[in-house]
Amino acid sequence: MAQTFDVVVIGAGPGGYIAAVRAAQLGFKTACIEGWKNAKGELALGGTCLNVGCIPSKALLASSEEYEKVSHHLEPHGITVSGAKVDVGRMQARKEAIVTKMVKGVEYLFKKNKIAWLQGFGSFVGSGDTYKIAVGGSSGSETIDAKYVIVATGSKARHLPGIAVDNETVCDNEGALAFGAAPKRLGVIGAGVIGLELGSVWRRLGSEVTILEALPNFLGACDEAIAKEAWKQFTKTQGLDIRLGVKIGKVTAAKKTGVAIEYTDSAGAAQKLDCDKLIVSVGRVPNTDGLGAGAVGLKVDARGFIEVDDHCRTNLPNVFAVGDVVRGPMLAHKAEDEGVLAAELIAGQKPHLDYNCIPWIIYTSPEIAWVGKSEQQAKAEGIAVKTGQFPFSINGRALGINEPVGFVKIVADAATDRVLGMHIIHAHASDIIQEGVTTMEFAGASEDIARITHGHPTLSEVVREAALNVDKRALNM
Ligand code: FAD
Ligand code: NAI
């Protein structure tokens, strides 16, 4: 007799495991199907985010930043450190320990909430009163019945034709997070989020990093003022060699000799880049292969994304899809919030997610964070805007912690003063951006931020001054 569940979640990344926890909290008999195996061959919950994404990358970013700080940035404090050394092995062991702790944390949440972890990969095999899902684990396949299904199968790295990824010499995110030593010459294809974050890690640890980007503009999704400052910091100050407008040609790779990348530069001239290792970070594709979408008539678009409406409903009754496998930004917090939304809809609640208020954060140094529209986007949409900007270089707290680089920019509607976007480049942008998110969620105006008391001395005072500057009345400038 097949097991029957109220809610079956397929995939245990941040979209899936959070959906399962919320469904269980709401009283549903819940199962989550997940067959991810880590590099040691162990089954692991947590998906891309915990195993080969957000968590390990932020651990390495932090370790490499500490090394850079100790090596180059303590002198203004009157502290001299000599002989700082890096042990990449220990750095990686620390990263692994953090990943294991987080993965075990999800196992604990499953036990606490009585969620059945069905170990293996899930595929739809039929439908009637319930959905029939086959779970293929190492001990064979069982078929279960689900009244409701939440698909949260996530994404995987996109690879380029003719460039074989072995995750030793030519790597996607998985191999690039696991180098045993900093390669002398590191090539990266794609100056997007992963290229910049992981390029930064290995540059700080000693690699000469060259990034080849197809587009002629740098960080096209950011406000232009932020992209311009980031370009200056990453290339001129830090020495990342970023080449824009290139067309990748033949790539040859061998473990002993490294990688040779032939490409055409922005002027159309033939070029070649030799490196010891190559990271290919050119975006991600949804995981819908093998899901059995065809067996139940689940609509998947031409690029492999499951089609959903604004509330993550698919074309099938009682089937929802969340996270990287559906439209929208591929971000862990977006996946989590969609997971909660799907579970609450199943419970008959009326949740809502404002996609315009989802923050983006790039964990480079300085960090880049934004929410809402850039000035250029708003103008392109025909919205009249006013903007306010304020630098960290004249903020007492930023000077005290020796992080004076960067600024906050606020984009407000010229007619109503409603905040349409906030854009930050600063070492602590990831924490500061939340004030913009909260303001936008409450449909706040720049005047609201300007009137709110901000503690002193704090980095958040820069947000307030930027808000004051929307009406050109900053007090400390
Ligand atoms: P995933 O995390 O991809 O999880 C999907 C899960 O489904 C996987 O475990 C997979 O094994 C499982 N699965 C797939 N098919 C099946 C099946 N048929 N049956 C059973 N299980 C299945 N986002 C941020 O917000 N902040 C960051 O700092 C950040 N850093 C990142 C760094 C890197 C290097 C990468 C690669 C990504 C990063 N992301 C970050 C993006 C983030 O990891 C994803 O947006 C997030 O993991 C998506 O969650 P998800 O649950 O939709 O999918
Ligand atoms: P991305 O979409 O951020 O960047 C890919 C880059 O590669 C783009 O600039 C694109 O123009 C370029 N590109 C594409 N094809 C190319 C080609 N043939 N030659 C040269 N350049 C090419 O994708 P990335 O960096 O792989 O990251 C995937 C996603 O993972 C991100 O978009 C984001 O959603 C998520 N992520 C989020 C992080 C965060 O929130 N801090 C960190 C890392 C990843």
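Remember, it's a predicted structure, so these values are computed and weren't measured experimentally.

In the vicinity of ligand 1 there are 36 residues, among which Glu34, Thr48, Lys58, Gly122 and Asp324 approach most closely. Residue Thr48 places a side-chain N or O atom 2.6 Å away from an oxygen atom belonging to ligand 1. One nitrogen or oxygen atom from the main chain of Ala332 is found 2.8 Å from an oxygen atom belonging to ligand 1. Burial of ligand 1 by the protein amounts to 94% of the accessible area it has alone, namely 990 Å². Elements supplying a minimum of two residues to the shell around ligand 1: helix H1 (14-25), strand S2 (30-34), helix H2 (47-52), helix H3 (54-73), strand S4 (121-127) and helix H9 (332-346). With four residues, the top contributor of residues to the shell around ligand 1 is H2. Broken down by class, the residue content of the shell around ligand 1 amounts to 16 nonpolar, 16 polar and four charged.

Tallying each qualifying case throughout the model produces five aromatic pairs. Arranged with centres 6.1 Å apart and planes meeting at 75°, the rings of Phe124 and Tyr131 form a pair that is edge-to-face. Exposure class is identical for Phe124 and Tyr131. Each is buried. Pairing Trp360 with Trp370 gives two aromatic rings, centres 5.6 Å apart and planes at 5°, and the pair type is stacked. Remark: Trp370 occurs in strand S19 (residues 367-372) and Trp360 occurs in strand S18 (residues 360-362); sequence separation between them is ten residues. When its relative accessible area of 24% is taken as the criterion, Trp360 is described as partly exposed. An aromatic cluster of three or more residues is present, and its members are Phe218, Trp231 and Phe234. When the ring centre of Phe5 is taken as reference, the NZ or CZ atom of Lys29 above it lies at 5.0 Å.

To continue, consider the packing of H3 against helix H6 (residues 193-204). Two quantities define a packed helix pair, namely the angle between the helix axes and the distance between the axes. Where H3 contacts H6, the two axes come as close as 9 Å, and the packing angle between them is 35°. Two packed elements cross with a definite hand, and for H3 against H6 that hand is left-handed. Contacts from Ser57, Lys58, Leu60, Leu61, Ser64, Glu65, Tyr67 and Glu68 of H3 reach H6 at Glu197, Leu198, Val201, Trp202, Arg203 and Arg204. Of the residues contributing to the contact of H3 with H6, the split by class is six nonpolar, two polar and six charged.

To continue, consider the site of ligand 2. In the vicinity of ligand 2 lie 24 residues, with Ile194, Glu197, Glu213, Met330 and Ile361 positioned nearest. Here an oxygen atom of ligand 2 and a backbone polar atom of Ile194 are 2.8 Å apart. Measuring from a nitrogen atom of ligand 2, one finds a backbone N or O atom of Ala214 at 3.1 Å. Across the complex, the protein chains shield 77% of the 840 Å² of accessible surface that ligand 2 would expose by itself. Mapped by element, the contributors of at least two residues to the shell around ligand 2 are H6 and S18. Residue contributions to the shell around ligand 2 peak at four residues, all from H6. When the residues that make up the shell around ligand 2 are grouped by side-chain class, the tally is 14 nonpolar, five polar and five charged.

What follows concerns the environment of Tyr17. The residue Tyr17 is located in helix H1 in this model. Judged by its relative accessible area of 12%, Tyr17 is buried. For Tyr17, the contacting residues outside a window of four places in its chain are Gly11, Ala12, Val106, Leu109 and Phe110.

Turning our attention to the sheet that holds strand S14 (residues 270-275). Pairing is antiparallel in the open sheet, where three strands are placed in the order S12-S13-S14. Two strands close off the open sheet at either side, each with one partner strand: strand S12 (247-254) and S14. Mean inter-strand twist for the sheet, computed between neighbouring axes without regard to direction, equals 15°. Here S12 runs beside strand S13 (residues 258-264); their pairing, made up of six bridges, is antiparallel. Looking at the pairing, Thr252 lines up with Ala260 of S13.

Take the nonpolar core next. Ranked by internal contacts, the top residues of the largest apolar core, which has 69 residues, are Phe110, Ile150, Phe218, Leu219, Ile242 and Ile368. If one sorts the elements of this core by residue count, H1 sits on top with seven residues. Among residues more than four places away in sequence, those in contact with Phe218 are Ala191, Leu196, Ala227, Ala230, Trp231, Phe234, Ile242 and Leu244. In this structure, Cys357, Ala398, Met422 and Met440 belong to the second largest nonpolar core, which totals 28 residues.

Turning to H3, a few remarks are in order. Of the residues making up H3, those classed as buried are Pro56, Ser57, Ala59, Leu60, Leu61, Ser63, Ser64 and Glu68. Contacts made by the buried residues of H3 are with H2, helix H4 (88-112) and H6.

On to the domain arrangement of the protein chain, then. Once the domains are mapped, the protein chain shows domain 1 (4-157 + 285-353), domain 2 (170-282) and domain 3 (357-470). Taken over C-alpha atoms, the centre of domain 1 sits 28 Å from the centre of domain 2. Of the residues lining the interface, 19 residues belong to domain 1; the matching set on domain 2 comes to 16 residues. For the pair domain 1 and domain 2, the summed buried area comes to about 1400 Å², and 62% of that belongs to carbon and sulfur atoms. The interface formed by domain 1 and domain 2 includes two salt bridges. Across the pair Lys58 and Glu197 runs a salt bridge whose closest N-O atoms are separated by 2.8 Å. Between domain 1 and domain 2 we count eight residue pairs in polar contact (both at pLDDT 80 or more) in total. Of all the secondary structure elements, the ones that give two or more residues to the side of domain 1 that touches domain 2 are H3 and H4. By residue number, the principal contributor to the side of domain 1 that touches domain 2 is H3, which donates nine residues.

What counts and what doesn't
- Residues numbered from 1 in each chain as written.
- Chains lettered and ligands numbered in written order.
- Predicted model: local features only at pLDDT ≥ 70, side-chain atom pairs only at ≥ 80, totals over all residues.
- Heavy atoms only, no water.
- Near = heavy atom within 4 Å.
- Polar contact = N/O pair within 3.5 Å; in protein donor to acceptor, adjacent residues only side chain to side chain.
- Areas by Shrake-Rupley, 256 points an atom, 1.4 Å probe, with all protein chains shown as cover.
- Helix = DSSP H or I, 4+ residues; strand = E, 2+ residues; numbered from the N terminus.
- Nonpolar A, V, L, I, M, F, W, Y, C, P; charged D, E, K, R; others polar.
- Phe/Tyr/Trp six-rings, centres within 6.5 Å; stacked < 30°, edge-to-face > 60°.
- Buried < 20%, exposed > 50% of the residue type's maximum accessible area, 1.4 Å probe, protein only.
- Lys NZ or Arg CZ within 6 Å of the ring centre and 35° of its normal.
- Axes fitted to C-alpha atoms, helices over the stretch in contact; angles between N-to-C directions.
- Left-handed = near helix turned anticlockwise from the far one by under 90°.
- Contact = heavy atoms within 4.5 Å.
- Pairing = 2+ DSSP bridges.
- Core = buried A, V, L, I, M, F, W, Y, C linked by side-chain atoms within 4.5 Å.
- Domains from an automatic or database assignment.
- Buried area = accessible area lost by both parts, 1.4 Å probe.
- Salt bridge = Lys/Arg side-chain N within 4 Å of Asp/Glu carboxyl O.

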